[in-house]
Amino acid sequence: MDINETAFKIILHGGNARSQVMEALKVARGQQIEQAQSMLQKADKELTKAHQIQSDILKNEASGEKVESSLLFYPRPGSSYDSNAGERFGRGNNRFA
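Residues numbered from 1 in each chain as written. Predicted model: local features only at pLDDT ≥ 70, side-chain atom pairs only at ≥ 80, totals over all residues. Heavy atoms only, no water.

### Section: the pattern of salt bridges
All told, the structure shown has three salt bridges when counted by the stated rule. K26 serves as the salt-bridge partner of E23, at 3.5 Å between the closest nitrogen and oxygen. Linking E23 with K26, this pair stays in helix α1 (residues 3-29), spanning three residues, or about one helical turn. (Salt bridge = Lys/Arg side-chain N within 4 Å of Asp/Glu carboxyl O. Helix = DSSP H or I, 4+ residues; strand = E, 2+ residues; numbered from the N terminus.)

### Brief notes about α1
For α1, built from 27 residues, the straight-helix expectation of 39 Å at 1.5 Å per residue is met to within 8% by its first-to-last C-alpha distance of 39 Å. Contacts made by the buried residues of α1 are with α2 (33-62). Q31, located one to two residues past α1, shows a positive phi value of around 65°. (Expected span 1.5 Å × (residues − 1). Contact = heavy atoms within 4.5 Å.)

### Quick notes on the side chain of E46
Among the secondary structure elements, E46 is positioned in helix α2. Apart from residues lying up to four places away in sequence, E46 is in contact with H13, N16 and A17.

### Some points on the confidence of the model for the chain
In this model, the chain carries an average pLDDT of 81, and 71% of its residues clear a pLDDT of 70 or more. By mean pLDDT, helix α3 (residues 85-88) is the weakest element of the chain at 47, and α2 is the strongest at 94. Low confidence marks residues 88-97, where pLDDT is under 50. Its contacts with residues over four positions away, or in another chain, come to 10 contacts. (pLDDT = per-residue confidence, 0-100.)

### A few points about the packing of α1 against α2
Taken N-terminus to C-terminus, the directions of α1 and α2 make an angle of 165°; their axes are 8 Å apart at the nearest point. Classed by the angle they form, the pair α1 and α2 counts as roughly antiparallel. Between α1 and α2 lies a crossing of left-handed hand. Here the residues of the contact of α1 with α2 sort into 15 nonpolar, seven polar and five charged. (Axes fitted to C-alpha atoms, helices over the stretch in contact; angles between N-to-C directions. Parallel < 35°, antiparallel > 145°, perpendicular 65-115°, else oblique. Left-handed = near helix turned anticlockwise from the far one by under 90°. Nonpolar A, V, L, I, M, F, W, Y, C, P; charged D, E, K, R; others polar.)

### Section: the nonpolar core
In terms of nonpolar packing, the biggest core is built from six residues, these being I3, I10, A50, I53, I57 and V67. Contributing elements (two or more residues each) for this core: α1 and α2. Looking at this core element by element, the count peaks at three residues for α2. (Core = buried A, V, L, I, M, F, W, Y, C linked by side-chain atoms within 4.5 Å. Buried < 20%, exposed > 50% of the residue type's maximum accessible area, 1.4 Å probe, protein only.)

And the structure:
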């Protein structure tokens, strides 16, 4: 599988999970807890898919396979994964930065 296709699959599943969580929060605010829990389970399945793809890449690299790099694997400046994001979101001392 092409490295860019792989990166897009990770992005796709991560985005699907995020969308499910956001919808689950809306539904939970409306007191529809069972529906919200179902949506969170779907989000968990999407995250598991993304995690499995990422784990396969790491496993292949650890076994000596040459793994291409792609800019799609790096967070864009200003994203929530950016090392300065904690300051922008009012978290002050971001210990993970």
